[in-house]
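# Chain and residue survey
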Amino acid sequence: MAVSALPRTMEALTRRATMLRDSLHKSQGNTDGMVAILGSFDHRLSALEAAMRPTQVRTHAIRMAHENIDKTLKAGEAILSQFDLTRRAEATILRGPHEDLESYLEAVDILKGISRFFSSNKNFRSSEGILNHVNGLLAKSSLKIEEEFKQLMSTYSKPIEPDRLFDCLPKSLRPSKDDTEPGNDNQSDHPSKGLETAVYRTPTLVPPRILPLMNDIAQQLVQAGNQQSCYKIYRESRGSALELSLRKLGVEKLSKDDVQKMQWEALEAKIGNWIHFMRIAVKLLLAGERKICDQIFEGVNFNKDQCFAEMATNSVVTLLSFGDAVAKSKRSPEKLFVLLDMYEVMRELQSEIEVVFEGKACSEMREAALGLTKRLAQTAQETFADFEEAVEKDASKTIVQDGTVHPLTSYVINYVKFLFDYQSTLKLLFQEFETGSETESQLAVVTMRIMQALQNNLDGKSKQYKDPALTHLFLMNNVHYMVRSVRRSEAKDILGDDWIQRHRRIVQQNANQYKRVAWAKVLQALSVQGAPGSTGSSTPADLNSSGVSRAVVKERFKAFNTQFEELHAKQSLWIVPDQELRESLRLAIAEVLLPAYRSFIKRFGCKTQMRWTHR
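The rules behind the values
Residues numbered from 1 in each chain as written. Predicted model: local features only at pLDDT ≥ 70, side-chain atom pairs only at ≥ 80, totals over all residues. Heavy atoms only, no water. Helix = DSSP H or I, 4+ residues; strand = E, 2+ residues; numbered from the N terminus. Buried < 20%, exposed > 50% of the residue type's maximum accessible area, 1.4 Å probe, protein only. Contact = heavy atoms within 4.5 Å. Areas by Shrake-Rupley, 256 points an atom, 1.4 Å probe, with all protein chains shown as cover. Axes fitted to C-alpha atoms, helices over the stretch in contact; angles between N-to-C directions. Parallel < 35°, antiparallel > 145°, perpendicular 65-115°, else oblique. Left-handed = near helix turned anticlockwise from the far one by under 90°. Nonpolar A, V, L, I, M, F, W, Y, C, P; charged D, E, K, R; others polar. Patch = residues over 30% accessible without salt bridge, like charges linked within 9 Å, V, L, I, M, F, W, Y side chains within 5 Å. Salt bridge = Lys/Arg side-chain N within 4 Å of Asp/Glu carboxyl O. Lys, Arg positive; Asp, Glu negative; His and termini not counted. Charge placed at Lys NZ, Arg CZ, Asp CG, Glu CD. Core = buried A, V, L, I, M, F, W, Y, C linked by side-chain atoms within 4.5 Å. Phe/Tyr/Trp six-rings, centres within 6.5 Å; stacked < 30°, edge-to-face > 60°. pLDDT = per-residue confidence, 0-100.

### Structural notes on the overall build of the protein chain
Counting its secondary structure elements, the protein chain contains 19 helices and 0 strands. Evaluated residue by residue, the protein chain yields a buried proportion of 41% over its 615 residues. Taking all contacts inside the protein chain whose residues are at least 6 apart in sequence as the whole, residues at least 24 apart take part in 80%. In the structure as shown, the protein chain presents an accessible area of about 35,100 Å², 52% of it carried by carbon and sulfur atoms.

### Some remarks on the packing of helix α6 (residues 227-249) against helix α8 (residues 264-296)
Between two packed helices, both the angle of their axes relative to each other and the distance between the axes serve to describe the pair. Running from amino to carboxyl end, α6 crosses α8 at an angle of 160°, the nearest separation of the two axes being 11 Å. Taken together, α6 and α8 sit at an angle that is classed as roughly antiparallel. Seen along the crossing, α6 lies across α8 with a hand that is right-handed. On α8, the residues touching Tyr234, Arg238, Leu242, Ser245, Leu246 and Leu249 of α6 are Phe277, Ile280, Ala281, Leu285, Leu286, Glu289, Ile292, Cys293 and Ile296. Residue composition of the contact of α6 with α8, grouped by class: 12 nonpolar, 1 polar and 2 charged.

### Some remarks on a negative patch on the surface
A cluster of like negative charges, contributed by Asp421, Glu490, Asp493, Asp497 and Asp498, occupies part of the molecular surface. Considering every element that reaches the negative patch, the biggest residue donor is helix α17 (residues 491-525), with 3 residues. Within the fold, Asp493 resides in helix α17.

### Focus: the environment of Gly299
Relative to the assigned elements, Gly299 resides in the loop between α8 and α9 (304-328). Counting along the chain gives 80 residues from Gly299 to Gln219, while the straight-line C-alpha distance between them is 7.9 Å.

### Observations concerning the nonpolar core
Of all hydrophobic cores here, the largest spans 146 residues; its most connected members are Phe297, Met346 and Phe357. With 15 residues, α8 is the largest single contributor of residues to this core. If near-sequence neighbours (up to four positions away) are discounted, Phe357 is found in contact with Leu286, Phe308, Ala312, Val316, Cys362, Met365 and Arg366.

### Quick word on the environment of Lys360
Examined against the element boundaries, Lys360 turns out to sit in the loop between α11 (350-356) and α12 (363-392). Judged by relative accessible area, which is 77%, Lys360 ranks as exposed. Considering only alpha carbons, one finds Lys360 and Asp305, 55 residues apart in sequence, at a separation of 7.8 Å.

### Describing the packing of aromatic side chains
Following the criterion strictly, the structure yields 14 aromatic pairs and no others. When the centroid spacing of 5.9 Å and the interplanar angle of 45° are considered together, the rings of Tyr411 and Tyr415 count as tilted. Here Tyr411 and its partner Tyr415 are both found in helix α13 (residues 407-421), 4 residues apart, which amounts to about one turn of the helix. Tyr415 gets classed as buried once you look at its relative accessible area, which sits at 4%. Between Trp519 and Phe564 the ring centres are 5.9 Å apart and the planes differ by 50°, which places this aromatic pair in the tilted class. Placement of the pair is Trp519 in helix α17 and Phe564 in helix α18 (residues 550-571), with a sequence separation of 45 residues. Each member of the pair, Trp519 as well as Phe564, is classed as buried. An aromatic cluster is built from Phe337, Phe387, Tyr411, Tyr415, Phe418 and Tyr422, whose rings are joined through pairwise contacts.

### Description of a positive patch on the surface
A cluster of like positive charges, contributed by Lys417, Arg487, Arg488, Lys492 and Arg504, occupies part of the molecular surface. Within the element layout of this structure, Arg504 appears in helix α17.

### A closer look at the side chain of Thr404
Checked against the element boundaries, Thr404 lands in the loop between α12 and α13. Those residues within four positions of Thr404 in sequence are excluded, and the remaining contacts are Phe474, Asn477, Asn478, Ile575 and Pro577.

### Quick word on the pattern of salt bridges
Side chains bearing opposite charge may pair, as long as their charged atoms lie close to each other. Scanning the entire structure with this criterion turns up 20 salt bridges. Of the charged contacts, one joins Asp324 and Lys328 as a salt bridge, the two residues approaching to 3.0 Å between their closest N and O atoms. Placement of both Asp324 and Lys328 in helix α9 is noted, with a separation of 4 residues, approximately one turn of the helix. On the accessibility criterion, Lys328 (46% relative accessible area) is partly exposed.

### Details of the confidence of the model for the protein chain
Confidence in the prediction for the protein chain averages 79 pLDDT; 71% of positions are at 70 or higher. A low-confidence stretch, residues 530-543 (pLDDT under 50), is modelled with 22 contacts involving residues beyond four sequence positions or located in other chains.

Have a look at this one:
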């Protein structure tokens, strides 16, 4: 069956192949015809393009001519507008900047734009002439702007009055109305200790509305190449105002010799003023000057740090020279605390100085301030050492005849008390020299050395007394004063209980020695051991019940009264200033003397009239 169907299949395929071949022949014919037609169109278009080419050339030329005409018209309009701007700007320039400075500066900017326009269009026939005219106007404007800058700087560079500066201070630092000098205000010894949150208000040195105009003028001057004129005008105007402000405040330039010649009271007052002036100068005046310098020269291609540095140099040198003179002057114990005050204020102002005098140009003033701080620290440390040595070697011949507290003792103790008012400052001082030990232990070591030097000196002074009893009374009074003062001050926490207990024992030892030495003879008079007539040499009628002759007893009573009266007369001139110690000493003497006296009376039962009087 499959074999019989094969011929029919072959026939069908043959027919289809024949039909496909016929279709291909027809497509080829169509393609050849289309190619012939398209070839004909191409020939015709080429001919048409050749015919239209002259017309296209003429049309392009006309279009280019129109474009050139438009460009020329626009260039002409631009040039005419530049001429119009020049005319209006020239009128403003010739009027000058006094009437309307802002409009004047705008006119200058317009002229600069016109100059740039013609500089970039030099092919214009009259460009050179207009450029010369515009540049001449700019030269005139530069001179007028310089004059205006000078006038403005002069007008707004007046010294600031002290009262205005005082109003910018924290209330705790403002002088009272009755004070004539800022250093005389009723402040604590160390005002900075309570000023961590104190607010200083920077004074207005130049009205804020003027600063933008000055900035514009500075821009114009520098751009015109007049940087040195701008520099000089600013430096002289603001520098003079700053110096006069400080002078009105009371700042004066003093040399080392000037300081050395001053009496201590006068120098102390000037140091107090200087500390006050430093805060005002750095936190108010110099901070304000730095602020306006930054604003006036903001965005100006100008070394404003150098300008500020040269403007402020004279004032800063004047301020620091006094501190330097004090630091280099002859050392003395009373200067220690003012040195610490000065060191304290320089450390307090250090961060402000770093900000105000930032930049390489101001490095010299930063270093000068830091150098003064270190010199004050060094001098203070040396004064410490001097004081310790001076206490131990104090050779004053002053003898307190009554055995009371010596002036040296009270002076040294008060000195030490003041040291503890400066604990935070001393901590900074010790850090300056990087000793590596704890601050409190350093302070304790210094304090102990001073106290030991005082004790050594007192031991030496006590030997000047001819009466041993007064020697011990003197030491008792003075060491007791030291102990009592330490217990009532911050020194107690530094020196510790061991120091207090050790020195209380010294007080007690001297009290016991005084009692023994002073009253030994009196007590001995109440004793009849070994006295003549206390043996069997006397007749029974001359002896009392104790086997002691009445003559001996009477003699001893007489000796007792005489010695007691003499001792009473002498010791009535001696002083034990501390009431508690005085009462304690009286009780201790009574505890020894009264039992001995009563025992003597009881033992001998003597009815001999005596001159004894109870005191």
